[in-house]
Amino acid sequence: MEVKIEPSWQKILQKEFDQPYFEQLVKFVKEEYATQTIFPPAGQIFNAFNSCPFNDVRVVILGQDPYHGAGQAHGLCFSVNDGVPFPPSLLNICKEMADDMGKPMPTSGNLQYLANQGVLLLNATLTVRSGQAGSHQGKGWETFTDAVIKAISDSKQNVVFLLWGAYAGGKSKFIDATKHLILKAPHPSPLSSYRGFFGCKHFSQANTYLQQHGLPPIKW
């Protein structure tokens, strides 16, 4: 399993890659890919990073776990491959995005176009067993992705963090709110979306903030 990460991230995260926990994590993940069906495909584990170099990051959206159904996950949180039906949370994200920005609903749930504009679509855990949600939690990925959030907060300015749900909201402790914009809302899943995700207008708020700081808005 040969996994490469984009050079700017390699430089920023090298000290994490050198840690004993990361060596253990790599060993675990390699064994899982060798013996189980794991998502996303191995070459897409770091897709969020490879699609959005460190210097380009303007917005961070945080998910928890990759999708665990066949053909769905491709290394970007909430996103699915072209032609895959919208999972419920993604459908609600796209509904809110369309409503907030006054645009039609997208026809594909592939959010690669956002990653290409500087939106880091980061899951807290980057791999999962087929059909077993949360199966790779607590193995080291969270330590790594917490370090990613902290590195962005420490080394950049005026990044918008979209934290949806209690789990993502808990990551705000790694973010300097004096340098960045943190927007929180309930999770977009059907269980909680009507408690304040719908109508949160995070997409337009993010663009207003970016433009106020001389940065180009995202074409949501």
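All of the points below concern the structure found in this document. (Residues numbered from 1 in each chain as written. Predicted model: local features only at pLDDT ≥ 70, side-chain atom pairs only at ≥ 80, totals over all residues. Heavy atoms only, no water.)

### Observations concerning the pattern of salt bridges
- Going through the model one piece at a time under the given rule, you end up with 3 salt bridges.
- Across the pair Asp146 and Lys171 runs a salt bridge, and its minimum N-O distance is 2.6 Å. Of this pair, Asp146 sits in helix α6 (residues 141-155) while Lys171 sits in the loop between α7 (165-169) and β6 (181-185), and the two are 25 residues apart along the sequence.
- We classify Lys171 as buried; its relative accessible area is 7%. (Salt bridge = Lys/Arg side-chain N within 4 Å of Asp/Glu carboxyl O. Helix = DSSP H or I, 4+ residues; strand = E, 2+ residues; numbered from the N terminus. Buried < 20%, exposed > 50% of the residue type's maximum accessible area, 1.4 Å probe, protein only.)

### Quick notes on the sheet that holds strand β3 (residues 119-123)
- With respect to topology, 4 strands assemble into an open sheet ordered β3-β2-β5-β6, the strand pairing being parallel. With one partner strand each, in any of the chains shown, β3 and β6 form the two edges of the open sheet. Sheet twist, expressed as the average angle between the axes of neighbouring strands with direction ignored, equals 20°.
- Strands β2 (59-63), β3 and β5 (160-164) of the sheet are contacted by α6, whose axis makes an angle of about 155° with β3. (Pairing = 2+ DSSP bridges. Axes fitted to C-alpha atoms, helices over the stretch in contact; angles between N-to-C directions. Contact = heavy atoms within 4.5 Å.)

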